[in-house]
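For reference, the chains in residue letters:
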Amino acid sequence: MKVSNVSCVNCGQVFTGNYCNRCGEKVLHDHDRYIGHFFEEAFHFITHFDGKFFTTLKTILTRPGKLSFDFCRGVRRPYFRPLSFFLMLVVIYLLFPAFSGLNMPLSGHMGQNGTYGGYATSRVERYLQSHPEVTKQILSDTFAKKSATTSKLLLFIIIPLTALPLWLLGYRKRPWYYDNLVFATELNSFFILLNFLVFPALLNALHFVLGGAGSMADLVLTILVYAVILLFSFRAITRFYQFPWPISLLLLLVLIVVQTFIVYVLYKFVLFLTVFALL
Ligand SMILES: [Zn+2]
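Just so it is clear, the structure is predicted and the values come from calculations on it, not from any experiment. (Residues numbered from 1 in each chain as written. Predicted model: local features only at pLDDT ≥ 70, side-chain atom pairs only at ≥ 80, totals over all residues.)

Regarding the domain arrangement of the protein chain
- Domain boundaries assigned for the protein chain yield domain 1 (1-32) and domain 2 (81-278).
- With centres defined by C-alpha atoms, the gap from domain 1 to domain 2 works out at 47 Å. (Domains from an automatic or database assignment.)

Here you go:
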């Protein structure tokens, strides 16, 4: 086989092969100039995008933890970047206004007894006193309108928060905070996918079939979804940290407690503060 040196037309680097090893520019061959190629390239971005997106999706669903494991050892070509994938899920989630996920009406924040409920209530009372033209109903409506989108965009703050306990507990195997961020992104991607997209879709389908809300069927479905999330998380932790299973199980139990606090207290409090600041 003939190996010849080429000099890169973009950066001047001399190299062998089809791609510049400094800037990544591709060597242009005559067959790249065929008319068919011109149109193929136009669709390349889309088809390429699709391929990577579905590989990432499939890997997350069928081999929990593999995406993070691969990504952290440098195997990145086959996948979407985990954070870009998470962003895509949030965008898809934004397209379905009916799927409310973690969104909550104003009264829900005020009812957070034991955490920030008292603070939220006094904040609302002070607002109503300083805005006599605003009734409680108007405030609730405006809050709900702003909260619908904000609650979805704000999902990003959950990733660094989840990564913190993972980093502390998995430090022996994964000392880089970065690696734990990648893993937190995968876990939360799965969480959004199942809990905010698949679960409400199944619930709607169930209600459609049963004609109205069947509370027993809802309960079974809820338990099923959470069981899948737990199994997934356990499998992902075992694969990513390579801990023996009892340690993985311990990590999972701690993670459940911390994650519940992050999602249902910290995140909701930040959501309340953010939406209130936007009023
Ligand atoms: Zn180059």
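Let's talk about the packing of helix α7 (residues 158-170) against helix α10 (residues 245-278)
- In the contact formed by α7 and α10, the axes pass within 10 Å of each other and the chain directions differ by 155°. When the axis of α7 is compared with that of α10, the two are roughly antiparallel. Note that α7 runs across α10; the crossing there is right-handed. Contacts between α7 and α10 involve Ile158, Leu161, Thr162, Pro165, Leu169 and Gly170 from the first element and Leu251, Val254, Leu255, Val258, Gln259, Ile262, Val263, Leu266 and Tyr267 from the second.
- Taken together, the residues of the contact of α7 with α10 break down into 12 nonpolar, three polar and no charged. (Axes fitted to C-alpha atoms, helices over the stretch in contact; angles between N-to-C directions. Helix = DSSP H or I, 4+ residues; strand = E, 2+ residues; numbered from the N terminus. Parallel < 35°, antiparallel > 145°, perpendicular 65-115°, else oblique. Left-handed = near helix turned anticlockwise from the far one by under 90°. Contact = placed C-beta atoms within 7 Å. Nonpolar A, V, L, I, M, F, W, Y, C, P; charged D, E, K, R; others polar.)

Considering the packing of α7 against helix α8 (residues 177-210)
- Where α7 contacts α8, the two axes come as close as 8 Å, and the packing angle between them is 125°. Viewed along their axes, α7 and α8 adopt a mutual orientation that is oblique. Judged by the twist between their axes, the crossing of α7 over α8 is right-handed. In contact with Ile158, Ile159, Pro160, Thr162, Ala163, Leu166, Trp167 and Gly170 of α7, α8 contributes Tyr177, Asn180, Leu181, Phe183, Ala184, Thr185, Leu187 and Asn188.

Here's the deal with the environment of leucine 28
- Take leucine 28: it is sitting in the loop between β2 (14-15) and α1 (35-62).
- Residue classification places leucine 28 among the exposed residues on the basis of 10 C-beta atoms within 10 Å.
- Each C-alpha atom of the pair leucine 28 and valine 9 lies 9.4 Å from the other, and the pair is 19 residues apart in sequence. (Buried ≥ 20, exposed ≤ 12 C-beta atoms within 10 Å, placed from the backbone.)

Remarks on the environment of arginine 235
- Mapping arginine 235 onto the fold places it in helix α9 (residues 215-241).
- Taking the number of C-beta atoms within 10 Å as the measure of exposure, arginine 235 has 16 and is therefore partly exposed.
- For the pair arginine 235 and leucine 252, spaced 17 residues apart in sequence, the C-alpha to C-alpha distance is 9.9 Å.
- Each residue touching arginine 235, except ones within four places of it in the same chain, is listed here: Pro64 and Gly65.

A short note on α8
- In this model, α8 (34 residues) spans 47 Å end to end at C-alpha, consistent with the 50 Å of a helix rising 1.5 Å per residue.
- Roughly 30° is the biggest bend found in α8, and it falls at valine 198, with proline proline 200 one to four residues downstream.
- Within two residues after α8, glycine 211 carries a phi angle of roughly 65°, on the positive side. (Expected span 1.5 Å × (residues − 1). Bend = angle between axes of the 7 residues up to and from the residue.)

Let's talk about the environment of leucine 61
- In this structure, leucine 61 sits in helix α1.
- For the pair leucine 61 and leucine 193, spaced 132 residues apart in the sequence, the C-alpha separation amounts to 9.6 Å.

Comments concerning the nonpolar core
- Residues Leu166, Phe183, Ala184, Ile237 and Phe240 are the most contacted members of the largest nonpolar core, which totals 31 residues.
- Beyond its immediate sequence surroundings of up to four residues, leucine 166 is in contact with Asn180, Phe183 and Ala184.
- Grouped together as the second largest cluster of nonpolar side chains are seven residues, Leu106, Phe143, Phe272 and Val275 included. (Core = buried A, V, L, I, M, F, W, Y, C linked by C-beta atoms within 7 Å.)

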